[in-house]
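Listed below are the residues making up each chain.
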Amino acid sequence: MTRPSPWFIAVLLLPGIGLIAVFIGAVIYIAIAQSVGFYNLTGDSGFSMEFWEKLIGRKSYWTAVRYSLFIGFWAAVLSVAVAYPLALWLRKPFKGSLTISAILKAPLMIHGIVAAFLFLNIISYNGLVNQLLVWTGIFDDPRRLQNDSGAVGLLFLQVWKNMPFALLLLTGAVQSIPQDTLNAAQDLGAGTVERFRRIIAPLTVSAMQAALIIVFIDALADFTFQTTVGPTNRQSLSQYMEFFRGRGRWNEAAGVGVTLMALSLIGAVLMALTARLIFRERPIARVVTWYETRRVEAQT
Amino acid sequence: MSGLAAKKIAVRFDAVDALKNIDLEVPAGSFVTLLGPSGCGKTTLLNVISGFLKPTDGRVYIDGIDVTDTPPERRDTALCFQSYALFPHLSVEENLVFGLRQRGMSGADRAKRLRDVVGQLDLGDHLSKLPNQLSGGQQQRVSLGRALTVRPSVILFDEPLSNLDAKLRETVRHEIRSIQQDFGLTAVYVTHDQNEALAMSDKIFVLNKGQLEQAGTPQDLYHAPRTRFVADFVGSANVMQARVVSRAQVDVWQVVTPLGPLMVRSDTPPEADNVLIAWRAEAVIMGHDPVNAVTAKVVRRSFEGAYTDLFFDVEGKTFRVQQTETNLVAGEDMTFSILPDNIVFLSDSVSKVAS
Amino acid sequence: MITPHILNRALMILLISVAILWLVIPFTMAVLWSLVDPALPWTPDNLLPPVISTYRWSYMWENSLLKPALLNSYTLAPLAALLTFAISMPTAFAIGRYDFQGKEAVKLVALLPLVVPSFVTAIFFTSILYQIGLAQYRFATILFAHIVLFLPYAIRIMSVSFEQVRIDHINAARDLGASPWAVFRAAYWPAVKPGVLATLLIVFIKSVEEFAIAYIVGQPGFVTIPTLVYASLGQDFNRPNAAVLSLILAFPNVILMLFLERLLKSANPAMASGKGC
Ligand SMILES: Nc1ncnc2c1ncn2[C@@H]1O[C@H](COP(=O)(O)OP(=O)(O)OP(=O)(O)O)[C@@H](O)[C@H]1O
Ligand SMILES: [Mg+2]
């Protein structure tokens, strides 16, 4: 590749990268500025921490933070946990494996809102699930399963929509592990669980991290699933932000928006680090090994 | 019986017979080689022994116990992979103790085993490196060490030297053999290199197209091949057709060959009147000897260092004679004799060979 | 003895039943609901709707915001596709064909629109629009936001395409005395063609599906198909109507996606798996 003058490169990058930088930069800037009292649409503008203080003082704010983190965390972990065995199963092609992976990945093509509708349809008061449960005698009467307060339905939908994406990433990673490497581990006595823990997971940790991060950010900032199938007694951060905006309370909306961005960043980094620590660095095993070598040295 | 035994092993992949009715016996502490050309089923047989592949037919025994249905992780075998298959994310040390961890061995015992193997294989300077920071030969030694640390009942090698250069191959070959002897390991070694097989083995099993051609000590195979394939594959002997004319003595037959009439001394009689016979290129005496004298014109001469190959053509077939010292050049006539002791009857029928 | 073969079979049957549960049944239900006649409601004691009619479809066509939504969505999408593609070209060319300092950083910046939650982008974009007084130009502003939001896809796909143009092909063409246009035809076009189609298709699909921007910036009054479906799931939830709208949103996209999948696979397998990030 050639190295042309930096000015030429800058001109080429300007329309694409320039536009992105300005647009996203402006959005982030406005969010931060409005959260500390600038750029008010009505009334005075000026620096003030008043909105943050109000926000932090509200119980509903912390409920929304906790709730969104809960959804983001579990959606990411469950999607990856479901995708792993499937990716391993589909690692080597067999008759029908292509069909199966196509079926599994189909939700990637279905719009989230459509998915929400299909789901509501199935679990509605007179829907299939209720009828089945009544018919089998588990329920005496149909129950209201929609918008359950435990967010089980919401998490199910999140996993339904996000698992295929994790599967896509993990399949590629798992397929790139040579069969010999897995055979070697098995030959040396590693059973299924050990092979996963010591070989497969560490070798696919980057794909795992990518899947965790992307699903986490997506689910953390969810609005549509939450407002259609989520619990009605709690609000997600996006919903909370839209609630303030709808009432023209831009500064508080901005506070929630900044919270959302910060949590995306921190949460994503934490999940990625944890995954790496658990499967790659194995901190506990390291300490144990260190301790044991020390003991051996002391003895000899 | 202790050691390894595989009885009547057959493996079928869809329509292909990869192994047919293989019987393999490896007494405890001995070093056995599976020798054969590419695709003859060597790796398949190792996979059956390690448990990665369930044979279509037949049983595998380790120390007299039937392990055919035991999964690989619970078989007391360790395989050195052709590709090394080191764990790329683990340090050399972690690679070496992997099998010990799986067996739940305590840290102190692990450290001791590790020290033994590291000393033996001279890996001390590399313990904290990752496999991709090692040279090919070092990786090879780690792979060997990883299998050795677990002190398996049976250790298996799948062409472990094929990625090394000629010089290193020689050294590591000796290392493997001496470690095997030191630890008294029962070993099965796969190779398609006949020199390697002859140099290392207590016993060689020659495989061809999924079938066992011949088993025996290196000397047996070299001096008394039973089939054309073995004669050719182990040390490329000269093979030709012969018609048995008469039995001169109890163990001596008179035959007619493209090179003229010859005497053959053999403990086993020929299987038919028309047979194949084989003789080694170096098993000749230059000069006019009264028995089995042959005269031919050298068409090509090829200097190989320790010896020189001389080629001659008879009836459209090329034969080879090997001499340590010779002044003969292409175009000259040479006369030599093949001692009757150095000619063997092969057991494949002529018609089978012709087809 | 459980052989892997039997295990695979069992797993397969299990999986196919799960697949039926999780794709076939939901969609069948949706189709059935969209065919319910208002005069004879589908009550739980019937396995199938008592009367199958296309009344809902024609009703929605005549009496809802479906027509403007379709018009909006399907004018936004092709425009967004073309403009995104055009704007991404120079950047993709620079990343794909030149080596320069800070290339990795540039690639990271190009991912930003995908990392910032889309609701945050949507809300503070409207805030900016209010500040500068452009909030009433809904179509144009949504189009603009779509372009920026989908630039990452275009830049990524096109830069990989440009990387695949081989310098020896270019040189060979030049060596044979080709004009710049002929060089483009001979060396560039074959390598970038699948990427161009994939870019246009991906941005088209993403734009039709996009919800957050259309919903927030479009308020009040501007509808696209996703916002219309979303609204139909809200306060006056009418299941047959929502079914009709959902199917209208789902089907064209599924077909386009299948087409895209094939295109990406034939173009470059590595790209197919990397399209999301
Ligand atoms: N999984 C499989 N499915 C179908 N055929 C196979 C399979 N594995 C091996 N074979 C076939 O079985 C035969 C023996 O293969 P094998 O790998 O054992 O050969 P090999 O002797 O180890 O050869 P090489 O020296 O090249 O490693 C070959 O013809 C091969 O194509
Ligand atoms: Mg092999």
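Rules used in this analysis
Residues numbered from 1 in each chain as written. Chains lettered and ligands numbered in written order. Predicted model: local features only at pLDDT ≥ 70, side-chain atom pairs only at ≥ 80, totals over all residues. Heavy atoms only, no water. Salt bridge = Lys/Arg side-chain N within 4 Å of Asp/Glu carboxyl O. Helix = DSSP H or I, 4+ residues; strand = E, 2+ residues; numbered from the N terminus. Near = heavy atom within 4 Å. Polar contact = N/O pair within 3.5 Å; in protein donor to acceptor, adjacent residues only side chain to side chain. Nonpolar A, V, L, I, M, F, W, Y, C, P; charged D, E, K, R; others polar. Contact = heavy atoms within 4.5 Å. Buried area = accessible area lost by both parts, 1.4 Å probe. Domains from an automatic or database assignment. Pairing = 2+ DSSP bridges. Axes fitted to C-alpha atoms, helices over the stretch in contact; angles between N-to-C directions.

## Focus: the pattern of salt bridges
Residue and element names in this part refer to chain B.
Here's step 1: Per the counting criterion, the structure on display carries 22 salt bridges over all chains.
Here's step 2: We note a salt bridge from D202 to R177, for which the minimum N-O separation is 2.8 Å. With D202 in the loop between α6 (194-200) and β9 (203-208) and R177 in helix α5 (residues 166-183), this residue pair connects regions lying 25 residues apart in the sequence.
Here's step 3: For R265, the salt bridge identified is with D251, shortest N-O distance 3.7 Å. With R265 in strand β13 (residues 260-265) and D251 in the loop between β11 (238-249) and β12 (252-257), this pair connects stretches of sequence that are 14 residues apart.
Here's step 4: Each of K54, R59, D66 and D69 takes part in salt bridges that share partners, so that together they form one network.

## Here's the deal with the site of ligand 1
All names here are of chain B.
Here's step 1: Near ligand 1 you find F13, A18, S38, G39, C40, G41, K42, T43, T44 and E159, and these make up its full shell.
Here's step 2: Contact distances for ligand 1 include 3.0 Å between an oxygen atom and a backbone N or O atom of G41.
Here's step 3: Between ligand 1 and E159 there is a distance of 2.9 Å, counted from an oxygen atom to a side-chain nitrogen or oxygen.
Here's step 4: When residues in the shell around ligand 1 are grouped by element, the largest group, three residues, is from helix α1 (residues 42-50).
Here's step 5: Looking at the shell around ligand 1 residue by residue, the class counts come to three nonpolar, five polar and two charged.

## So, the interface of chain A and chain B
Many structure descriptions define interface size as the accessible area lost when the parts assemble.
Here's step 1: Residue-level contacts link 22 residues of chain A with 28 residues of chain B.
Here's step 2: Here chain A packs against chain B, burying approximately 2,200 Å² in sum over the two surfaces, 58% of which is carbon and sulfur.
Here's step 3: Applying the counting rule to chain A against chain B returns zero salt bridges.
Here's step 4: For the pair chain A and chain B, the interface holds seven residue pairs in polar contact (both at pLDDT 80 or more).
Here's step 5: Looking at the side of chain A that touches chain B, the elements with two or more residues in it are α8 (179-187), α9 (192-203) and α14 (283-299) of chain A.
Here's step 6: Residue composition of the side of chain A that touches chain B, by class: eight nonpolar, six polar and eight charged.

## Re the domain arrangement of chain B
Residues and elements named next belong to chain B.
Here's step 1: According to the domain assignment, chain B contains domain 1 (4-223) and domain 2 (228-352).
Here's step 2: A C-alpha centroid distance of 37 Å is found between domain 1 and domain 2.
Here's step 3: The junction of domain 1 with domain 2 conceals about 960 Å² of combined surface from both sides, 68% of it contributed by carbon and sulfur atoms.
Here's step 4: The tally of links between domain 1 and domain 2 comes to zero salt bridges.

## What about the interface of chain C and chain A?
Here's step 1: With 73 residues of chain C at the contact, the number on the chain A side is 71 residues.
Here's step 2: Between chain C and chain A the total buried area reaches about 6,600 Å² when both faces are included, carbon and sulfur atoms providing 81% of it.
Here's step 3: At the junction of chain C with chain A, the criterion picks out zero salt bridges.
Here's step 4: Linking chain C with chain A are nine residue pairs in polar contact (both at pLDDT 80 or more), by the criterion used here.

## Some words on the sheet that holds β9(B)
Residue and element names in this part refer to chain B.
Here's step 1: Sheet architecture is open: six strands sit in the order β6-β7-β8-β3-β9-β10, paired in mixed fashion. Since the sheet does not close on itself, it has two edges, and those belong to β6 (77-80) and β10 (211-216), each with one partner. Put simply, the sheet's adjacent strands are angled 20° from each other on average, direction ignored.
Here's step 2: Where strand β7 (residues 154-158) meets strand β8 (residues 186-191), five bridges bridge the pair, whose relative direction is parallel. In the sheet register, I155 faces β8, and the bridge partner there is A187.
Here's step 3: Against the sheet, α1 contacts β3 (31-35), β6, β7, β8 and β9, and its axis sits at roughly 155° relative to β7.
Here's step 4: Docked against the sheet, helix α4 (residues 136-149) engages β6 and β7, running at close to 180° with respect to β6.

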